[in-house]
Amino acid sequence: MIRKAPFLALAALGAGALLGACRPVEPVIVTQEVRVVETQEVQVNVPVEFVMESARLAAVRGRDRVICGVNTSVPGFGFVDANGQNVGFDPDVCRAIAAAIFGDASKVEFRPLTAAERFTALQTNEIDVLSRNTTWTLGRDVELGTDFAPTTFYDGQGMMVRQDSGFASLADMGGATVCVLAGTTTEGNLADAFNTLGLEYEGLVLDTGDATAAAYDEGRCDGLTSDKSQLAGLRTTLTTPDDHIILPEVMSKEPLGPVWAHGDQQWGDLVRWVVYGLIIAEEKGITQANVAEIAGSDPQDPEVRRLLGIEGEFGALLGVEPDFVVDVITAVGNYGEIYDRHLGPEGTNIPREGTLNALWTDGGMIYAPPWR
Amino acid sequence: MASRPWRRIEPFWRDVRVLRVAGQIVFALALLALAAWLISNLRQSLDARGLNLSFSFLNRTAGFAITQGPGMVRTDPFWMAFLVGLANSLSVILAGLGLTTLVGLMAGIALLSPNWLLRNATRVYVEVFRNTPLLVQLFFIYFGVVLAMPALADRIELGPFILSQRGVWVPRPVPQPGAPLWIAAAVCGVGLSAWIYARRERQRRRTGEETRPVLWALFPLVGLPLSAWIALPEPPFTFETAVLDGLRMVGGLRMTPEFFALLLGLVLYTGAFIADIVRGGILAVPYGQLEAARSLGLKEANVLQLVILPQALRVIIPPLINQYLNLAKNSSLAFGIGYLDLYAVSQIIFNQSGQAVQVIALLMATYLALSLSISVLMNWFNRRMEIPGR
């Protein structure tokens, strides 16, 4: 008993040391500083600008990199290549944000996240922005304390079946067994779709994409449901991809885009306008190859002049360099270039023409408000 | 105290009694500080995101459906999904506890068998299953064995039993008008047989003559239900076998491949541990007991049943409780192979509602309650089996 006291004291010391060692992953930001900044040149119509500085932008600058939550298992959208690089449509959006802030697209730290972890990571400030094929829904927007940037890809849930099963549409699938990945909007949509048709089904819910595809491939399920863009990628991993078809029906609307934690609207503005910048650049024909040339050649189009920072103070309003769009386009290209690189014929080959993901000038939904 | 005269000049910081109490107080304070810091950290983060710790989300519509076990539809609330998960967990745990005890007991006895082949075959089973991770075994059983069975179209039909990768079907008894009468007859048979057994067993113990209690008890046990079945104008039960209807089988009783794979994995894994516990328990009974029992002229089966096992049980039960708890907790690996147990459903609820802290707290509380129930029950059983007075 005499020896116990020192041990207890030691244990207390240990607990104390533990207390000191464990700090939150990122400092919790609860307040925002409101600062009135006077501009140097006093303009006639806007004498003083009221700029609310983004606390998160300051934190990102302080650590010299953006932390971005991504997927690592969906070819085209977020994948780790043979060199260990995060490649895909979504990681490139992160690179665009880094380029906008630092002028250097490599200042991104990628955080691989599962579907289940992603919102917690945002809520706990572990990441600055989530770019991981995340569907924008009312529940997530309002209840989870998250905000959604503009949609970068319009997706929809589809159903993959065996060619020899004779299914031509969902209506033929009464009583079928359907493999579905847990932790997504997919489960709810599946229940909705069969409910609407008044059909029964048996759902087999698995927790990883690989297990879901394996169970379907083994014949445990008659159908595999997921976002159509992902089904195309998953099909390539099956034993005989040509034996499987994707039914024409779209079970749901799945607008995918970057997400950030609610509460720092200035940070959200920056993310939002970086995405719009990518879209306007495509609209104006500004590409990775010609952006420097256009910026240096005194373009006539006023919107191009504003976009590239030749005119106006839009960079300062967002808390970044005036010509940040030039850095962004130089680093990752415009929206169309990012799309073609990862989802085009060289990537997972998801057609763009005639779909919602075409530019609005081509009849699609990819549209940005005016840069003025 | 009088024998320690130097005590008076000892300063209080060298006084063992003071140090002992002070140490405990410092430790308790450190623990409290840690807890307070963790909770305040959580509260701050939640407040910053505008989230709360209310459980009211459980009453909201789930929006997803579960088709395993009791099942639920998409308009049911979240708590219903949680209950379905709990029911699925309980069914696999209860079936698993029963079967694994049986497998473990038989394997444990086989490990001591004089038969070389049986002993070594069992040893291979125990070592293979005990020394590989359960999740790996589950994946192997599910993807490698169960899903490799023939598709529904090429199903194996063994009379009324149907085997395929979509599940195993056995006939389902359907009660007919005569069913209550037959059940009454069967209950009478059981009662009568128990009475006869007790009576003949008493007589055997009193007089020592062989009264064959089991044999006599069997007559009413089998005879009454059998004669009732024959005497009734129509059979009290008909049996419904599963038939293919479009894409699925309807009718019959079905065991899903996921349940089957999980149950098999849990039973074989835990059974391997129990086998060694049983072997150790039997070896712990002094050899003299075995010799004494044999010299009394008891048959080998009776030696095991009357002398060895009752004493071995006292050594076996405490570690057995651990294995039962392991099985209950290991059942949470179900999600990996698509069985929607409590953990899997909680993950889905957590995903759909985003209420991470509450869902995890609820999950932990439920598993804790489950484990404590098993523990309390087994400890009660353990006390009953102890030698009185020890």
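Residues numbered from 1 in each chain as written. Chains lettered and ligands numbered in written order. Predicted model: local features only at pLDDT ≥ 70, side-chain atom pairs only at ≥ 80, totals over all residues.

## Quick look at the overall build of chain B
Working step 1: In terms of helices and strands, chain B carries 11 helices and eight strands.
Working step 2: Here chain B has a C-alpha radius of gyration of 29 Å; the compact-globule value for 390 residues is 21 Å, and the former is much larger.
Working step 3: In terms of principal-axis extent, the alpha carbons of chain B reach across some 90 × 65 × 45 Å.
Working step 4: A buried classification covers 27% of the 390 residues belonging to chain B. (Helix = DSSP H or I, 4+ residues; strand = E, 2+ residues; numbered from the N terminus. Rg over C-alpha atoms; globule rule 2.2 N^0.38 Å. Buried ≥ 20, exposed ≤ 12 C-beta atoms within 10 Å, placed from the backbone.)

## As for the overall build of chain A
Working step 1: Tallying secondary structure elements over chain A gives 14 helices and 16 strands in all.
Working step 2: Here chain A, with 372 residues, has 47% of them falling under the buried criterion.

## Comments concerning the nonpolar core
Working step 1: Of all hydrophobic cores here, the largest spans 88 residues; its most connected members are Cys179(A), Ala81(B), Leu262(B) and Val345(B).
Working step 2: The dominant element in this core, judged by the number of residues it contributes, is helix α7 (residues 257-283) of chain B, at 15 residues.
Working step 3: Beyond its immediate sequence surroundings of up to four residues, Leu262(B) is in contact with Val92(B), Leu138(B), Ala334(B), Ile337(B) and Tyr339(B).
Working step 4: Core analysis: the second largest hydrophobic core is formed by 70 residues, Phe79(A), Val275(A), Ala281(A) and Phe324(A) among them. (Core = buried A, V, L, I, M, F, W, Y, C linked by C-beta atoms within 7 Å. Contact = placed C-beta atoms within 7 Å.)

## Examining the interface of chain B and chain A
Working step 1: Taken together, the contacts link 45 residues of chain B with 49 residues of chain A.
Working step 2: Here the side of chain B that touches chain A takes 16 residues from helix α1 (residues 16-48) of chain B, the largest share from any one element.
Working step 3: Considered class by class, the residues forming the side of chain B that touches chain A number 23 nonpolar, 16 polar and six charged. (Nonpolar A, V, L, I, M, F, W, Y, C, P; charged D, E, K, R; others polar.)

## As for the domain arrangement of chain A
Residue and element names in this part refer to chain A.
Working step 1: The domains assigned to chain A are domain 1 (49-154 + 255-362) and domain 2 (157-252).
Working step 2: The centre of domain 1, based on its C-alpha atoms, is set 31 Å off from the matching centre of domain 2.
Working step 3: Taken together, the contact between domain 1 and domain 2 spans 11 residues of the former and eight residues of the latter.
Working step 4: The residue inventory of the side of domain 1 that touches domain 2, partitioned by class, reads six nonpolar, five polar and no charged. (Domains from an automatic or database assignment.)

## Comments concerning the pairing of strand β8 (residues 129-135) of chain A
Regular strands show a simple pattern: their side chains alternate between the two faces of the sheet.
Residue and element names in this part refer to chain A.
Working step 1: Taken across its seven residues, β8 has seven buried, putting it largely inside the fold.
Working step 2: In this sheet, β8 lies alongside strand β3 (residues 66-70) in parallel orientation, the contact comprising two bridges. If you follow Cys68 over to β8, its bridge partner there is Val129.
Working step 3: Bridge analysis of β8 against strand β16 (residues 254-261) gives three bridges, and the strand direction is antiparallel. Bridging from a neighbouring strand, Leu130 pairs with Val259 of β16. (Pairing = 2+ DSSP bridges.)

## A word on the domain arrangement of chain B
Working step 1: When its domains are assigned, chain B resolves into domain 1 (5-48), domain 2 (78-129 + 257-385) and domain 3 (177-240).
Working step 2: Just the C-alpha atoms count here: the centres of domain 1 of chain B and domain 3 of chain B sit 67 Å apart.

## Quick notes on the packing of helix α2 (residues 78-110) of chain B against helix α10 (residues 342-353) of chain B
All names here are of chain B.
Working step 1: Relative orientation of the contacting elements α2 and α10 amounts to 160°, with a least axis distance of 7 Å. Taken together, the axes of α2 and α10 are roughly antiparallel relative to one another. Regarding α2 and α10, the two cross each other, and that crossing is right-handed. Facing α2, whose interface residues are Phe78, Ala81, Phe82, Val84, Gly85, Leu86 and Ser89, α10 presents Leu342, Ala344, Val345, Ser346, Ile349 and Ser353.
Working step 2: Here the residues of the contact of α2 with α10 sort into nine nonpolar, four polar and no charged. (Axes fitted to C-alpha atoms, helices over the stretch in contact; angles between N-to-C directions. Parallel < 35°, antiparallel > 145°, perpendicular 65-115°, else oblique. Left-handed = near helix turned anticlockwise from the far one by under 90°.)

## A word on helix α13 (residues 324-332) of chain A
Residues and elements named next belong to chain A.
Working step 1: Counting buried positions along α13 gives seven out of nine residues, so the element sits mostly inside the fold.
Working step 2: Every buried residue of α13 is accounted for by Phe324, Val325, Val326, Asp327, Val328, Ile329 and Val332.
Working step 3: Buried residues in α13 make contact with α3 (89-102), α9 (265-283), α10 (291-296), α11 (302-307), α12 (314-318) and α14 (335-343).
Working step 4: Of the residues trailing α13, Gly333 is marked for its positive phi of about 85°.

## Considerations on the sheet that holds strand β13 (residues 201-206) of chain A
In any sheet, the strands associate via hydrogen bonds between backbone groups, in a parallel or an antiparallel arrangement.
Residue and element names in this part refer to chain A.
Working step 1: In space, the five strands of this open sheet follow the order β13-β12-β14-β11-β15, with mixed pairing throughout. Every other strand in the sheet has two partners, leaving β13 and β15 (244-246) as the edge strands with one partner each. In this sheet, adjacent strand axes meet at a mean angle of 30° when their direction is disregarded.
Working step 2: With five bridges connecting them, strand β11 (residues 157-162) and strand β14 (residues 223-227) associate as antiparallel partners. Of the residues in β14, the one forming a bridge with Met160 is Leu224.
Working step 3: Helix α6 (residues 186-197) rests against β11, β12 (176-181), β13 and β14 of the sheet, and its axis sits at about 155° to β12.

## A few points about the packing of helix α4 (residues 134-146) of chain B against α7(B)
Residue and element names in this part refer to chain B.
Working step 1: Packing of α4 against α7 leaves a shortest axis separation of 9 Å and a crossing angle of 135°. As the angle between them shows, α4 and α7 are arranged oblique. Handedness of the α4/α7 crossing: right-handed. Contacts between α4 and α7 involve Leu134, Gln137, Leu138, Ile141, Tyr142 and Val146 from the first element and Pro257, Phe260, Ala261, Leu262, Leu264, Gly265 and Tyr269 from the second.
Working step 2: The class makeup of the residues in the contact of α4 with α7 is 11 nonpolar, two polar and no charged.

## Thoughts on the environment of Ala365(B)
Residues and elements named next belong to chain B.
Working step 1: Along the chain, the position of Ala365 falls in helix α11 (residues 356-385).
Working step 2: Since 10 C-beta atoms lie within 10 Å of it, Ala365 is described here as exposed.
Working step 3: Placed 262 residues apart in sequence, Ala365 and Val103 show a C-alpha to C-alpha distance of 30 Å.

## Brief notes about helix α2 (residues 55-63) of chain A
Residues and elements named next belong to chain A.
Working step 1: Among all positions of α2, only Arg56, Leu57 and Val60 are buried. Looking down the long axis of α2, one finds its buried residues gathered within 100° of arc, a one-sided arrangement.
Working step 2: Considering only its buried residues, α2 is in contact with β3, α3 and α9.
Working step 3: Of the residues one or two after α2, Asp64 is the one with positive phi, at around 65°. (Arc of directions from axis to C-beta.)

## Examining the sheet that holds strand β1 (residues 156-158) of chain B
Residues and elements named next belong to chain B.
Working step 1: Strand order in the open sheet formed by four strands is β1-β2-β3-β8, with antiparallel pairing between adjacent strands. Two strands bound the open sheet, and with one partner strand each, they are β1 and β8 (253-255). The mean angle between the axes of side-by-side strands here comes to 15°, regardless of whether they run parallel or antiparallel.
Working step 2: Direction of pairing for β1 relative to strand β2 (residues 161-164): antiparallel, over a ladder of three bridges. Along β2, the bridge assignment pairs Glu157 with Ile162.

## Some thoughts on the environment of Val187(B)
Working step 1: Summarising the element assignment, Val187(B) is placed in helix α5 (residues 179-207).
Working step 2: Along the chain, Val187(B) and Ala35(B) lie 152 residues apart, while their C-alpha atoms are 57 Å from each other.

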